[in-house]
Amino acid sequence: MGGEWLGAGTALDAQGDIVPVLAVTPRRIDALSSRTAGQDGGWVERLIAVTGWTLPPRRPDIDWAKTEARLGTRLPTDYKRMVETFGEGAFDQWLNLNQEPWDDFQKDGLLVWAGTEHEDLYCWQTADEDPDRWPVTVRTVDGEDTTFDCSTAEFVCRILIEKDHPFTMAHYFDTHWFMTYQTST
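Note that the structure is a prediction, hence the values are computed from the model and not measured.

Even after reading the chapter, I still don't get the overall build of the protein chain, so can you show me in this structure?
Across its full length, the protein chain holds five helices and nine strands. Along its sequence from the N terminus, the protein chain presents helices and strands in the succession β-β-α-α-α-α-β-β-β-β-β-β-α-β. Counting only residues that meet the buried cut, the protein chain has 43% of its 185 residues in that class. Here the analysis covers contacts within the protein chain between residues at least 6 apart in sequence; of these, 45% occur between residues at least 24 apart. Accessible surface, the protein chain: about 10,300 Å² in total, of which carbon and sulfur atoms supply 50%.

Now the structure itself:
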């Protein structure tokens, strides 16, 4: 949770009784380590490293063809990989990852892939035929749009770790996590 790893369980004490155990240790993660910092792609891998994600993929069997047919468009590869990896939940308990994009703003050329507790919507501009080239647009609660020429996973990584990003979370947390809403696999 946040900057610490938490573990809970039971152990036998010296008398042979079962006692509860809580282990807490600081978590240190090199968000842009040398193994990923120079690569052009790999933003989902960076996101996994930034969040310290160690669970198995939460939604590996999602039927993207069915979802894309219902929406009438293909979706960005890295978004699909994020959903497959993390499943339902929120980055830093703040940015909720939609399991299926909302098309509420389709008339504006926007498809919503995430939202925040402050009611900002994270969207793609869908004008390009190639969804892997769709820029990210943040529509704030007061209706202002700000566009970023980057992929979905890159955008999430940057708001988590870059203190000068306009939508940064780096001012609030030194380490980052993904809180899953799914209770079982």
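Resuming the write-up.
Whenever I open this one, the packing of aromatic side chains confuses me. Can you help?
Applying the stated criterion to the full structure yields 17 aromatic pairs. Their ring planes at 70° and their centres at 5.2 Å tell us that Phe86 and Phe91 sit as a pair that is edge-to-face. Each member of the pair, Phe86 as well as Phe91, carries the same accessibility label: buried. A centroid spacing of 6.5 Å and a plane angle of 70° characterise the contact between Tyr122 and Phe167, whose relative ring orientation is edge-to-face. Highlighted residues: Tyr122 in strand S6 (residues 121-125) and Phe167 in the loop between helix H5 (152-161) and strand S9 (178-180), separated in sequence by 45 residues. The exposure class of Tyr122 is buried, given its relative accessible area of 0%. One Lys or Arg, Arg46, reaches over the ring of Trp43 and ends 3.9 Å from the middle of that ring. The ring centre of Phe105 lies 4.9 Å from the NZ or CZ of Arg139, which sits over that ring.

I keep staring at the pattern of salt bridges and nothing clicks. Help me out?
Close approach of charged atoms allows side chains with opposite charge to pair. All chains considered together, the criterion is met by ten salt bridges. For Lys80, the salt bridge goes to Glu68, with nearest N and O atoms at 3.0 Å. Taken as a pair, Lys80 in helix H4 (residues 77-86) and Glu68 in helix H3 (residues 64-71) lie far apart in primary sequence, twelve residues in all. On the basis of relative accessible area, Lys80 is assigned to the buried category, the value being 16%. Among the residues examined, Glu68 registers a relative accessible area of 13% and is labelled buried. Glu100 is paired through a salt bridge with Arg70; the nearest N and O atoms lie 2.7 Å apart. With Glu100 in strand S4 (residues 95-102) and Arg70 in helix H3, this residue pair connects regions lying 30 residues apart in the sequence. In this structure, a network of salt bridges that share partners links the residues Lys107, Asp108, Arg139 and Asp145.

Would you mind showing me how to read the environment of Tyr181 here?
Residue position: Tyr181 is located in the segment after S9. Looking at Tyr181, the relative accessible area reads 39%, which means it is partly exposed. Each residue touching Tyr181, except ones within four places of it in the same chain, is listed here: Glu88, Gly89, Ala90 and Asn96.

I'm lost on H5 in this one. Help?
Helical geometry: 3.6 residues make up each α-helical turn, so side chains three or four residues apart lie on a common side. Of all ten residues that make up H5, eight are buried, and the element is covered over most of its length. If you check which residues of H5 are buried, you get Thr152, Ala153, Glu154, Phe155, Val156, Cys157, Ile159 and Leu160. The backbone nitrogen of Glu154 lies 3.2 Å from a side-chain oxygen of the residue at the head of H5, namely Ser151.

Any chance you could explain the side chain of Thr51 here in plain terms?
Relative to the helices and strands, Thr51 is located in helix H2 (residues 43-51). A polar side-chain atom of Thr51 sits 2.9 Å from the main-chain carbonyl oxygen of Leu47.

Help me out: how do you make sense of the nonpolar core in this one?
Note that soluble globular proteins tend to have their nonpolar side chains buried in a common cluster. Ranked by internal contacts, the top residues of the largest apolar core, which has 36 residues, are Met82, Phe91, Trp113, Tyr122 and Phe155. Residue assignment for this core shows that the elements contributing at least two residues are H2, H3, H4, S4, strand S5 (110-116), S6, strand S7 (136-139) and H5. The element contributing the most residues to this core is H5, with six residues. Non-local contacts of Trp113, meaning those with residues more than four positions away in its chain, are made with Tyr79, Leu95, Asn96, Leu97, Asn98, Tyr122, Cys123, Trp124, Val136, Thr152, Phe155 and Val156.

Basis of the calculations
Residues numbered from 1 in each chain as written. Predicted model: local features only at pLDDT ≥ 70, side-chain atom pairs only at ≥ 80, totals over all residues. Heavy atoms only, no water. Helix = DSSP H or I, 4+ residues; strand = E, 2+ residues; numbered from the N terminus. Buried < 20%, exposed > 50% of the residue type's maximum accessible area, 1.4 Å probe, protein only. Contact = heavy atoms within 4.5 Å. Areas by Shrake-Rupley, 256 points an atom, 1.4 Å probe, with all protein chains shown as cover. Phe/Tyr/Trp six-rings, centres within 6.5 Å; stacked < 30°, edge-to-face > 60°. Lys NZ or Arg CZ within 6 Å of the ring centre and 35° of its normal. Salt bridge = Lys/Arg side-chain N within 4 Å of Asp/Glu carboxyl O. Polar contact = N/O pair within 3.5 Å; in protein donor to acceptor, adjacent residues only side chain to side chain. Core = buried A, V, L, I, M, F, W, Y, C linked by side-chain atoms within 4.5 Å.

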